[in-house]
Amino acid sequence: MWQHRVDYAYVLPSIVVMLIVIAYPIYYTIDLSFYKTPPSLQLRDKIFVGMENYTAILSSDVFWRVTWNTVVWTFGSTVFSFMLGFGAALALHRDFFGRGVMRAILIIPWVISAVAASYIWKWIYHSDFGVIGAVLVGLGITSRPPNFIDNVDTVLPALIVVNIWREFPFAMIMMMAGLQTVPDQLLRAAKVDGANAWQRFWHVTFPHLSSVSTVTVLLLAVSNFNSFIIPWIMTGGGPSNASHIWITHIYELAFGRQRWGVASAYSVLLFLILMALGYFYVRALGGNESKDRGT
């Protein structure tokens with residue numbers, strides 16, 4: 001290290017910035033999770049309570065409700081976004097007239113601002129003026145417009161639909177890139193050997209997409225687990241906590257109720273889960289690099 005001290009001096013400013021904007025907030029959040037904090041958040045007024053915030057969280061019915069919502073939200077959004085994106089990628093991988101235009105259209109949900117998309121879908125779901133309700137009433141399917149986001153039974157599926165609509169283009173782009181790496185000679189050889197379209201996909205195409213599929217699913221899972229804009233803008237966690245997920249509940253605890261210690265404890269638990277997902281993501285990337293070196 002002493003011999004390369006000049007090299008380390010070049011990266012020292014970056015290390016200092018990372019310590020200030022990343023390491024210190026993490027340390028302060030962990031430290032704050034062991035205290036009971038007043039709304040004023042004066043350091044001299046903090047009361048050390050040890051693991052009390054964590055035990056209060058784990059024994060709370062709201063915690064388990066929010067956790068279940070988070071699991072449903074993350075799993076549903078990730079799985080269906082990936083499946084829809086994969087299907088779109090397979091369709092667009094074929095050469096047909098207007099393929100470029102179709103690609104551009106399908107990417108639109110991803111490039112639209114999440115805030116703008118949330119407000120648009122909020123009006124689409126509106127029980128009085130929403131397009132979906134008007135169409136259903138006009139077709140005679142229902143006598144009155146459904147109440148999508150104000151109903152505890154339908155609010156979370158309705159939000160998941162919006163999230164899938166916005167995220168599937170990302171999966172589509174990733175899988176389209178992966179499809180470009182499938183060797184054409186293997187597909188032609190399989191076709192010569194008598195393999196039908198499904199067999200060629202399952203035994204040739206899909207194995208070559210395993211790495212990019214794993215990375216895509218992990219990226220979607222991390223993004224969805226930490227998603228905030230759509231559920232907060234569209235419902236604010238309501239009604240009756242039916243659409244609260246971890247990140248929105250943490251925000252409400254911290255900035256709505258000023259329960260900084262409890263919110264910090266929630267954040268630490270969320271941080272540990274995201275670190276675990278990040279570990280698998282790094283492992284997946286490492287596996288891809290190993291395969292590339294092997295080839």
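Bear in mind the structure is a predicted one, so any value in this text is a computation, not a measurement. (Residues numbered from 1 in each chain as written. Predicted model: local features only at pLDDT ≥ 70, side-chain atom pairs only at ≥ 80, totals over all residues. Heavy atoms only, no water.)

Undergrad: For the overall build of the protein chain, give the residues involved together with the corresponding values.
TA: Scanning the protein chain from N- to C-terminus turns up 13 helices and 2 strands. What you see for the protein chain is a C-alpha radius of gyration of 24 Å, clearly larger than the 19 Å of a compact globule of 295 residues, by over 25%. Judged by the C-alpha coordinates and their principal axes, the protein chain covers about 75 × 75 × 30 Å. Per-residue burial over the protein chain gives 35% buried out of 295 residues. Put simply, 68% of the contacts in the protein chain that link residues at least 6 apart link residues at least 24 apart. (Helix = DSSP H or I, 4+ residues; strand = E, 2+ residues; numbered from the N terminus. Rg over C-alpha atoms; globule rule 2.2 N^0.38 Å. Buried < 20%, exposed > 50% of the residue type's maximum accessible area, 1.4 Å probe, protein only. Contact = heavy atoms within 4.5 Å.)

Undergrad: Give me the lowdown on the pattern of salt bridges, citing residues and values where you can.
TA: Where side chains of opposite charge bring their charged atoms close, a pairing between them can arise. Enumeration over the complete set of coordinates arrives at 2 salt bridges. The partner of D31 in a salt bridge is K46, and the shortest N-O contact between them spans 3.5 Å. Note that D31 is positioned in helix α1 (residues 5–32) and K46 in the loop between β1 (35–36) and β2 (47–48), a separation of 15 residues in sequence. Since its relative accessible area comes to 22%, D31 is described here as partly exposed. (Salt bridge = Lys/Arg side-chain N within 4 Å of Asp/Glu carboxyl O.)

Undergrad: Outline the environment of T78, listing residues and values.
TA: Position of T78 among the secondary structure elements: in helix α3 (residues 61–93). According to the relative accessible area criterion, T78 is buried, its value standing at 6%. Along the backbone, T78 and N163 are 85 residues apart, and their C-alpha atoms lie at a distance of 9.2 Å. Discounting chain neighbours no more than four positions away, the residues touching T78 are V217, L220, A221 and N224.

Undergrad: Describe the packing of helix α8 (residues 184–192) against helix α9 (residues 197–208), with residues and values.
TA: Interaxial distance between α8 and α9 falls to 10 Å at its minimum, and their mutual angle equals 165°. Here α8 lies roughly antiparallel to α9, going by the angle between them. As α8 runs across α9, the sense of the crossing is right-handed. Side by side, α8 and α9 meet where L186, L187, A190 and K191 of the first sit next to R200, V204, T205 and H208 of the second. When the residues that make up the contact of α8 with α9 are grouped by side-chain class, the tally is 4 nonpolar, 2 polar and 2 charged. (Axes fitted to C-alpha atoms, helices over the stretch in contact; angles between N-to-C directions. Parallel < 35°, antiparallel > 145°, perpendicular 65-115°, else oblique. Left-handed = near helix turned anticlockwise from the far one by under 90°. Nonpolar A, V, L, I, M, F, W, Y, C, P; charged D, E, K, R; others polar.)

Undergrad: Please set out the packing of aromatic side chains residue by residue, giving values where relevant.
TA: Summed over all chains, the structure comprises 27 aromatic pairs. Ring centres of F255 and W260 lie 5.4 Å apart, and the angle between their planes is 90°; on these two criteria the pair is classed as edge-to-face. Looking at W260, the relative accessible area reads 17%, which means it is buried. Three or more aromatic residues link up through ring pairs in this structure, and these residues are F82, F86, W198, F201, W202 and F206. (Phe/Tyr/Trp six-rings, centres within 6.5 Å; stacked < 30°, edge-to-face > 60°.)

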